[in-house]
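# Fold and contact review
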Amino acid sequence: MSAYDQLMAYERVTQALGSVAGRTGWDQETMMPAGSAALRAEEMAALEEVLHARRTNPKLGDLLEAAESADDVSRANLRHIRRSFDRATKVPATLATAIARHTSKGQGIWAAARAENDFASFAPTLTEMIRLKREEAACLAAGGDLYDALLDDYEPGVTGAELQSMFDRMRPRLVDLRAQVLAEDGPAPIDHAFDEAGQMALSTVLARTFGYDLEIGRIDKAVHPFSSGSGTDVRITTRTSPRDPFNCFYSTIHEVGHACYEQGIDRAYELTPLGAGVSMGVHESQSRIYENQLGRSRAFTGWLFGQMRDQFGDFGVADEDAFYRVVNRVGSGYIRTEADEVHYNLHVMLRFDLERQLVDGRLEVADLEEAWNERFAADFGTAVDVASNGVLQDVHWSFGLFGYFPTYTLGNVYAGCLYQSLRGAVPALDDQLAKGDTSAATGWLRENLQQFGGLREPRETIRHACGFEPTEAPLLDYLDAKFGALYGL
Ligand code: ZN
């Protein structure tokens, strides 16, 4: 067997074990009995130990030296395996273990602090997490930028400085659009109770409508919506809230976007490094275009209005136009995950700036809550009332996920680019969406992006699909046009 074939055979087992670990995580959030948490933690730690040993096995280094690539696919496979091996071996095992241990401890402390609205009780844990992550970043960066080294885990190829300059270009236009929209009268929120069974039933209809294959997927309820798995077993979760059915429906469509990306990857790549979404930003471009550009469009919401009337009867919204306005209602709330399209990226930019300062050492954890509240007041015009609505709202930092937040906005930017090209490629898009037919749109995404999995680098994946160098301009133009029309600007 050639060195390359040996590598791929070895990798196949590692991928399969990783897939089992992912399924165990899914089970923990959906089906696991409440009393089984301690056993599950040991099971997952054992799997992680096996995976870490496989990923750092010196044999991999020898095979990587000897392996030769013959085409684009083998070149890409080797690139992924080399990156993973380099990252895994640069971090000493003692540090990796310390981070894993601190992460699992940190989540509980964060959750308790959030429940009590007490940032001070989480601050020492966060300080230690940042110390560990800085140490990890120093191992990875080899003298380079620490934040960039962490970012590389989620979005290979992009730097903090590049994101900073893109966000600096976006911010004034978003702030301006926000001010104009909020100066106008918006629609009242829906005042109606929607039964849970009806929400779950329509959720399943929506998932199928967007092309989610339930033969190799399933939908369950969980506290936080997520998508899990790749290839021929990709599962999603959603949640219901009696007075806010859009939380359920748009969480479902969002996760279906992630899941369809994973289901849409060329089956020949299953259990290889190419068999999963290429980066967080590209992943989010799929969930966002399904959720927003398609799911919240005038055409599609017209169809959804009919579906909701069939499912729930009269819920107090007169017609399709009124429904479209309600679905796209703009309001400045505290919570990122509930933010509308106008506010969402401002939430991300706040986090990006603060976490970059934390990692660089320009901001101390002791000053973080005050820095958050000041920035929030400046950007959103309201004072944060309690820490669970401010600095304690997101789980990411307690997990040590520094460098993750900006990929959300990068995903929105990429979705804007893809949507521009999609509209050009599918002239009858609105007519189809108005009938609840997303097949041309999702087919275009599968054909031009999803099927390739990890074949190309993230930015190249988007460039290949949309046919031009991705920039923030299409997203900003789309937002101006959409909300300008909605709010009569
Ligand atoms: Zn997402």
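Everything here concerns the structure above.
Report on the accompanying structure.

Turning our eyes to something else, we now look at the overall build of the protein chain. Each helix and strand in the protein chain was counted, giving 20 helices and three strands. Here the C-alpha radius of gyration of the protein chain, 23 Å, is about what a compact globule of 489 residues would show, namely 23 Å. With the C-alpha coordinates of the protein chain rotated into their principal frame, the extents come out at 65 × 50 × 50 Å. Per-residue burial for the protein chain yields a buried fraction of 52% across its 489 residues. With the model as given, the accessible surface of the protein chain reaches about 20600 Å², and the carbon-plus-sulfur share is 50%. Averaged over its 47 positive side-chain charges, the protein chain has a centre that lies 2 Å from the centre of its 72 negative ones.

In this section: the packing of aromatic side chains. This model, assessed by the stated rule, comprises 24 aromatic pairs. Ring geometry for phenylalanine 194 versus phenylalanine 312: centroids 5.0 Å apart, planes at 90°, classification edge-to-face. Within this pair, whereas phenylalanine 194 is found in the loop between helix H8 (160–182) and helix H9 (196–209), its partner phenylalanine 312 is found in helix H12 (residues 298–312), the two being separated by 118 residues in sequence. Considered together, phenylalanine 194 and phenylalanine 312 belong to a single accessibility category, that of buried residues. A centroid spacing of 6.1 Å and a plane angle of 70° characterise the contact between phenylalanine 315 and phenylalanine 323, whose relative ring orientation is edge-to-face. A residue is classified by how much of its surface remains accessible, and phenylalanine 315, at 2% relative accessible area, is buried. Seen from the ring of tyrosine 10, arginine 54 lies directly overhead, with NZ or CZ sitting 4.0 Å from the centre. The positively charged end of arginine 456 is found above the aromatic ring belonging to phenylalanine 452, 4.4 Å away from the centroid.

Right, let's talk about helix H10 (residues 245–264) for a bit. The end-to-end C-alpha distance of H10, which contains 20 residues, comes to 28 Å, matching closely the 28 Å that a straight helix rising 1.5 Å per residue would cover. Burial within H10 is extensive, with 20 of its 20 residues counted as buried.

Attention now moves to the coordination of the zinc ion. Taken together, the protein ligands of the zinc ion are His254 (NE2), His258 (NE2) and Glu284 (OE), with distances of 2.1 to 2.3 Å. Of note, the zinc ion draws all its donor residues from one chain, in the sequence arrangement H-x3-H-x25-E. Taken as a pair, histidine 254 in helix H10 and glutamate 284 in helix H11 (residues 280–294) lie far apart in primary sequence, 30 residues in all. The residues histidine 254 and glutamate 284 share a single accessibility class, namely buried.

Where helix H16 (residues 406–425) contacts helix H18 (residues 439–448), the two axes come as close as 10 Å, and the packing angle between them is 120°. Classed by the angle they form, the pair H16 and H18 counts as oblique. In this structure, H16 meets H18 at a crossing whose hand is right-handed. For the pair formed by H16 and H18, the contact residues are Leu418, Ser421, Leu422 and Ala425 on the first element and Ala441, Trp444 and Leu445 on the second. Within the contact of H16 with H18, the residues separate by chemical class into six nonpolar, one polar and no charged.

What follows covers a negative patch on the surface. The grouping of Glu364, Asp367, Glu370 and Glu374 at the surface amounts to a negative patch. Checked against the element boundaries, glutamate 370 lands in helix H15 (residues 368–380).

With respect to the helices, strands and loops of the structure, leucine 214 is situated in the loop between H9 and strand E1 (219–221). For leucine 214, a relative accessible area of 22% translates into the label partly exposed. The spacing of leucine 214 and glycine 313 is 99 residues in sequence and 27 Å in space, taken between C-alpha atoms.

Looking now at the pattern of salt bridges. Applying the stated criterion to the full structure yields 35 salt bridges. Where arginine 375 meets aspartate 353, a salt bridge forms, and the shortest distance between an N and an O atom there is 2.8 Å. One end of the pair, arginine 375, is in helix H15; the other, aspartate 353, is in helix H14 (residues 344–360), and 22 residues separate them in sequence. Looking at arginine 375, the relative accessible area reads 16%, which means it is buried. Here the residues in one salt-bridge network are Arg171, Asp353, Arg375 and Asp379, joined through shared partners.

Going through the model one piece at a time under the given rule, you end up with two cavities of 30 Å³ or more. The volume enclosed by the largest cavity comes to roughly 70 Å³. If you trace the largest cavity, you find it lined by Arg288, Asn292, Gln293, Glu341, Tyr344, Asn345, Asn412, Leu475 and Leu479. Elements that contribute at least two residues to the lining of the largest cavity include exactly H11, H14 and helix H20 (473–486). Per-element tally for the lining of the largest cavity: the top contributor is H11, with three residues. Residue classes in the lining of the largest cavity are distributed as three nonpolar, four polar and two charged. If you trace the second largest cavity, you find it lined by Gly231, Glu262, Ile265, Asp266, Arg267, Tyr269, Glu270 and Gly275. A per-class count over the lining of the second largest cavity returns two nonpolar, two polar and four charged.

What counts, and at which threshold
- Each chain carries its own residue numbering, running from 1 in the direction its sequence is written.
- Reporting of local features is limited, given that this is a predicted model, to residues whose pLDDT is at least 70; pairs of side-chain atoms are given and counted only at 80 or more, and all residues count toward the totals for whole chains, interfaces and linings.
- Only hydrogens and water are removed before side-chain values are computed, so all heavy atoms of the structure are retained for them.
- Helix and strand definitions follow DSSP, with helices as H or I runs of at least four residues and strands as E runs of at least two, each counted in order from the N terminus.
- Put simply, the radius of gyration uses C-alpha atoms, and a globule should come to 2.2 Å times the residue count raised to 0.38.
- Exposure is judged per residue with a 1.4 Å probe applied to protein chains only, and the accessible area is read against the type maximum: over 50% gives exposed, under 20% gives buried, and values in between give partly exposed.
- To measure how exposed things are, a 1.4 Å probe is used in the Shrake-Rupley method; for residues, cover is taken only from the protein chains shown.
- The charge count treats Lys and Arg as positive and Asp and Glu as negative. His and the chain ends do not count.
- By convention, the charge on Lys lies at NZ, on Arg at CZ, on Asp at CG and on Glu at CD.
- Any pair of Phe, Tyr and Trp rings, taking the six-membered ring for Trp, is counted once the centres come within 6.5 Å. Such a pair is stacked with planes under 30 degrees apart, edge-to-face with planes over 60 apart, and tilted for the rest.
- Sitting over a ring, as applied to charges here, requires NZ of Lys or CZ of Arg to be within 6 Å of the ring centre and within 35 degrees of the ring normal.
- Expected helix span is computed as 1.5 Å times (number of residues minus one).
- Listed donors are limited to N, O and S atoms within 2.8 Å of the metal, widened to 3.2 Å for Na, K and Ca; water is not among them, so incomplete-looking sites are possible.
- With axes taken as lines fitted to C-alpha atoms, and helix axes fitted only over the stretch in contact, angles between N-to-C directions fall between 0 and 180 degrees.
- Each angle is binned into one of four classes, with values under 35 degrees roughly parallel, values over 145 roughly antiparallel, values of 65 to 115 roughly perpendicular, and all other values oblique.
- A clockwise turn of the near helix away from the far one marks a right-handed crossing, whereas an anticlockwise turn of less than a right angle marks a left-handed crossing.
- Every residue pair with non-hydrogen atoms within 4.5 Å of one another is taken to be in contact.
- Note on residue classes: Ala, Val, Leu, Ile, Met, Phe, Trp, Tyr, Cys and Pro are nonpolar, Asp, Glu, Lys and Arg are charged, and everything else, Gly too, is polar.
- Nonpolar side chains (Val, Leu, Ile, Met, Phe, Trp, Tyr) are joined into patches within 5 Å and like charges within 9 Å, using only residues with over 30% relative accessible area and no salt bridge.
- A pairing counts as a salt bridge when a side-chain nitrogen of Lys or Arg comes within 4 Å of a carboxyl oxygen of Asp or Glu.
- Within this scheme a cavity is a closed region of a 1 Å grid, computed over the protein atoms alone, that accommodates a 1.4 Å probe without allowing it to escape, whereas a pocket is open but has protein on both sides within 12 Å along at least five of seven lines; lining residues each have an atom within 4 Å of a point.
- Grid points are joined across faces, edges and corners, and a volume is the space filled by probe spheres set on the points.

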